[in-house]
Amino acid sequence: MAVSIRPAEARDAEVIAGFTQNTFSWGDYVADAFLDWLADEDAAVPVATDDHDRPIALARVRMLSDRESWLSAARVHPDHRRKGLGSALNDWCVEWSRQRGAAVARLEIETWNEPAQNQVRRLGYRHVATVVDAHREVGRSEIEPATNGGRRTPAEERLERAPRAEADGAFIAWSTSDLARASHGLFSPEPWAWRRMTAEDVYSSRTWFCPSGWIMAEDDGEELFVKWLVSVPEDARRLVRATVDLADGSGYSSVHIAVPSLPWMDEALRVNGLEPHEFYIFEKPV
């Protein structure tokens, strides 16, 4: 079958919702986000179509900085898999990135998904980092897993908003840390996306600190999203606990932390009730 690819249109929404609704055991987010994606001027949503111009696969690509693109949301209709549609869409996204000045394209794949990993390796990507996304609900009435059924006690340390003068120290501490090396110098400016970290990111973001380290976080009104943190093995548990307290005390319903995967960082998350879900980040020159 010849592969035809074009930019997605609003009229494609119903068809795309139909073949993406059961992507995962819990469903999928693509149908809910699709129209918002079309309105994003720094992104594109290509679709592969059948002989009747009906979408049978899609992907999303966006610029996360002037030189970095991020590919995501690759979906192929179950009846049209193993026909090269995913690779063709990836090539389209890389070319779109190149035309907009990107020097590198990145994407992430679950650590268990070996077929997808092998596919992107054949396309020229290499594995550069292993990262985790970890979530938990928060609330004073919740039982704390680390206390064998007891109620969670307040953290030993309290996170406070960091003044701008703290930014240089935080960035320098991170730049020379195991966290920076493990992440390939990347951080997560928004959930499920990673790009290069710069000092300006620390200056322009909401940052908190305590004796055990720093965090950078945003929110959507319900969830506190920690997109970057700085700590060391002996302090990480206290920093994560203070982060959970910050989310709880600020009235959020949950906390989401995105960090590179390191044994001591994963353990700090688990002890505080967050289960790390691992992903590999792949990149290729554009």
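Residues numbered from 1 in each chain as written. Predicted model: local features only at pLDDT ≥ 70, side-chain atom pairs only at ≥ 80, totals over all residues. Heavy atoms only, no water.

What follows deals with the packing of aromatic side chains. Enumeration over the complete set of coordinates arrives at five aromatic pairs. Residues Y29 and W37 carry aromatic rings whose centres are separated by 6.0 Å and whose planes lie at 75° to one another, so their mutual orientation is edge-to-face. Residue Y29 is classed as partly exposed on the basis of its relative accessible area of 37%. W37 sits in the buried class, given a relative accessible area of 8%. The interplanar angle of 35° and the centroid separation of 5.9 Å between the aromatic rings of F171 and W174 together place this pair among those described as tilted. Taken together, the positions of F171 and W174, both in helix α5 (residues 166-175) and three residues apart, correspond to about one turn of that helix. Assigned by exposure class, F171 and W174 land together as buried. Pairwise contacts between aromatic rings join F171, W174 and W228 into one cluster. (Phe/Tyr/Trp six-rings, centres within 6.5 Å; stacked < 30°, edge-to-face > 60°. Buried < 20%, exposed > 50% of the residue type's maximum accessible area, 1.4 Å probe, protein only. Helix = DSSP H or I, 4+ residues; strand = E, 2+ residues; numbered from the N terminus.)

Another aspect to go through is unusual backbone geometry. Here A73, not a glycine, exhibits a phi torsion of approximately 55°, which is positive. In this fold, A73 is placed in strand β5 (residues 68-76). By relative accessible area, A73 is classed as buried at 6%. Backbone geometry at H184 places phi at a positive 65°, although glycine is not the residue there. The residue H184 is located in the loop between α6 (178-182) and β9 (186-190) in this model.

Right, let's get into the packing of helix α1 (residues 13-20) against helix α2 (residues 30-38). When two helices pack together, their arrangement is given by the angle between their axes and by how far apart the axes lie. Contact pair α1 / α2: the axes reach a minimum separation of 9 Å and the direction vectors enclose 150°. As judged from the angle between their axes, α1 and α2 are roughly antiparallel. Pair α1 / α2 crosses with right-handed handedness. Residues A13, I16, A17 and T20 of α1 pack against V30, A31, F34 and L35 of α2. Class assignment for the residues of the contact of α1 with α2 results in seven nonpolar, one polar and no charged. (Axes fitted to C-alpha atoms, helices over the stretch in contact; angles between N-to-C directions. Parallel < 35°, antiparallel > 145°, perpendicular 65-115°, else oblique. Left-handed = near helix turned anticlockwise from the far one by under 90°. Contact = heavy atoms within 4.5 Å. Nonpolar A, V, L, I, M, F, W, Y, C, P; charged D, E, K, R; others polar.)

Nothing here speaks to function; it is all geometry.
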